[in-house]
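# Tertiary structure, described
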Amino acid sequence: MSKDNIMKDYTGWLEQAIVNGFIKLYEFSDLQNEKHIGRGSYGDVYRVIWKKDIFALKSFKNQEFIKEIVEELELHWKVNYHENIIRLYGVTCTKPRLIINIIGGTREKTINGTPIEYCKLYKDCWKYEPTERPII
Ligand SMILES: Nc1ncnc2c1ncn2[C@@H]1O[C@H](COP(=O)(O)OP(=O)(O)OP(=O)(O)O)[C@@H](O)[C@H]1O
């Protein structure tokens, strides 16, 4: 398999895990008070605050590590929860791809003055389940 296909494969796994609700996607801008606390082989680790909770945010230097990221996420997911193992709360992305933004609920804003019924139709067309979208 080519390097590009490996990247697509692992990126697809991650996107599906987010879409299916197995892994929570945090908005990067919601993570506050970043403080450097450690360094591993793949990147730095930061202490961050999300709402009022403290999290360790593990960063990966670049997307080339997608395989390592996914393998670590899979391991966490298999363990699910154990009191002696740090828990995976979710993932975030500094420069989310369009699909990640859409999964996270981002939509184009409706233009001021657009009739309410048009806004509703527009929003219905974006529904995740194709069967819930309007039929022409
Ligand atoms: N949940 C956490 N709470 C506090 N500090 C952490 C946490 N996770 C990682 N760290 C700190 O960041 C450092 C790097 O962690 P990271 O998991 O990236 O690498 P590692 O597992 O130590 O090594 P490798 O990257 O080779 O697997 C740790 O040694 C620790 O000091």
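Counting restarts for each chain: residues are numbered from 1 in the order of the written sequence. Only residues with pLDDT of at least 70 are given local features in this predicted model, and only at 80 or more are side-chain atom pairs given and counted; all residues enter the totals for whole chains, interfaces and linings. To obtain the side-chain values, all non-hydrogen atoms of the structure were used and water was disregarded.

Looking at an unreviewed UniProt entry, one finds the protein named 4471_t:CDS:1 and attributed to Funneliformis mosseae.

## Section: the pattern of salt bridges
Salt bridges are counted wherever a side-chain nitrogen of Lys or Arg sits within 4 Å of a carboxyl oxygen of Asp or Glu. Per the stated rule, a full pass over the model turns up four salt bridges. Its salt-bridge partner being Glu71, residue Lys67 comes within 3.2 Å of it at the nearest N-O pair. Here Glu71 and Lys67 lie together in helix 2 (residues 66–79), a separation of four residues that amounts to about one turn. Note on conventions: DSSP H or I runs of at least 4 residues are helices, E runs of at least 2 residues are strands, and numbering of each starts at the N terminus.

## Some thoughts on helix 2
A helix is expected to span 1.5 Å multiplied by its residue count minus one. For helix 2, spanning 14 residues, the distance from its first C-alpha to its last is 20 Å, which sits close to the expected 20 Å at 1.5 Å a residue. Any residue under 20% of the maximum accessible area for its type is buried, any over 50% is exposed, and the rest in between are partly exposed; the area is computed with a 1.4 Å probe on protein chains only. For helix 2, every residue scored as buried is listed here: Ile66, Ile69, Val70, Leu73 and His76. Taken around the axis of helix 2, the buried residues stretch over an arc of 125°, which confines them to a single face. Opposite the buried face of helix 2, by more than 90 degrees, sit the exposed residues Leu75 and Lys78. One or two residues past the end of helix 2 sits Asn80, with phi positive at roughly 65°. The directions from the helix axis to the C-beta atoms form the arc being described.

## Here we look at the packing of aromatic side chains
What counts as a ring pair is set by centres within 6.5 Å for rings of Phe, Tyr and Trp (its six-membered ring), and what kind of pair is set by the plane angle: stacked under 30 degrees, edge-to-face over 60, tilted for all other angles. All chains considered together, the criterion is met by seven aromatic pairs. The interplanar angle of 55° and the centroid separation of 5.1 Å between the aromatic rings of Phe22 and Trp77 together place this pair among those described as tilted. With Phe22 in the loop between helix 1 (3–19) and strand 1 (25–26) and Trp77 in helix 2, the pair connects residues that are 55 residues apart, well separated along the chain. The exposure class assigned to Phe22 is partly exposed, which follows from its relative accessible area of 48%. Relative to Phe60, the ring of Tyr42 has its centre 6.2 Å away and its plane inclined at 25°; by these criteria the two rings are stacked. With Tyr42 in the loop between strand 2 (31–39) and strand 3 (44–50) and Phe60 in the loop between strand 4 (53–58) and helix 2, the pair connects residues that are 18 residues apart, well separated along the chain. On the accessibility criterion, Tyr42 (32% relative accessible area) is partly exposed. Using a relative accessible area of 22% as the deciding quantity, one classes Phe60 as partly exposed. Three or more aromatic residues joined by ring pairs form one cluster here, namely Tyr26, Trp50, Phe55 and Tyr89. Lys24 extends its terminal NZ or CZ atom over the ring of Tyr26, reaching a point 4.7 Å from the ring centre. The criterion is that NZ of a Lys, or CZ of an Arg, lies within 6 Å of the ring centre and within 35 degrees of the ring normal, and then a charge sits over that ring.

## Digging into the site of the ligand
Nearness of a residue to a molecule or strand requires only that one of the residue's heavy atoms be within 4 Å of it. In the vicinity of the ligand, the contacting residues are Ile37, Gly38, Arg39, Gly40, Ser41, Val45, Ala56, Lys58 and Ile86. In protein, a polar contact requires one atom able to donate a hydrogen and another able to accept it; more generally it is a pair of N or O atoms within 3.5 Å, and residues adjacent in sequence count only if both atoms are side-chain atoms. Taking Ser41, its side chain carries an N or O atom lying 2.4 Å from an oxygen atom of the ligand. For the ligand, an oxygen atom lies 2.7 Å from a polar atom in the side chain of Lys58. For accessible areas, the Shrake-Rupley method is used with a probe of radius 1.4 Å. Any residue's cover is judged against the shown protein chains and nothing else. Protein coverage of the free-state accessible area of the ligand, which is 610 Å², stands at 49%. The biggest single contributor to the shell around the ligand is strand 2, with three residues. Partitioning the shell around the ligand into residue classes produces four nonpolar, three polar and two charged. Lys, Arg, Asp and Glu make up the charged group, whereas Ala, Val, Leu, Ile, Met, Phe, Trp, Tyr, Cys and Pro make up the nonpolar group; the residues left over, Gly among them, are polar.

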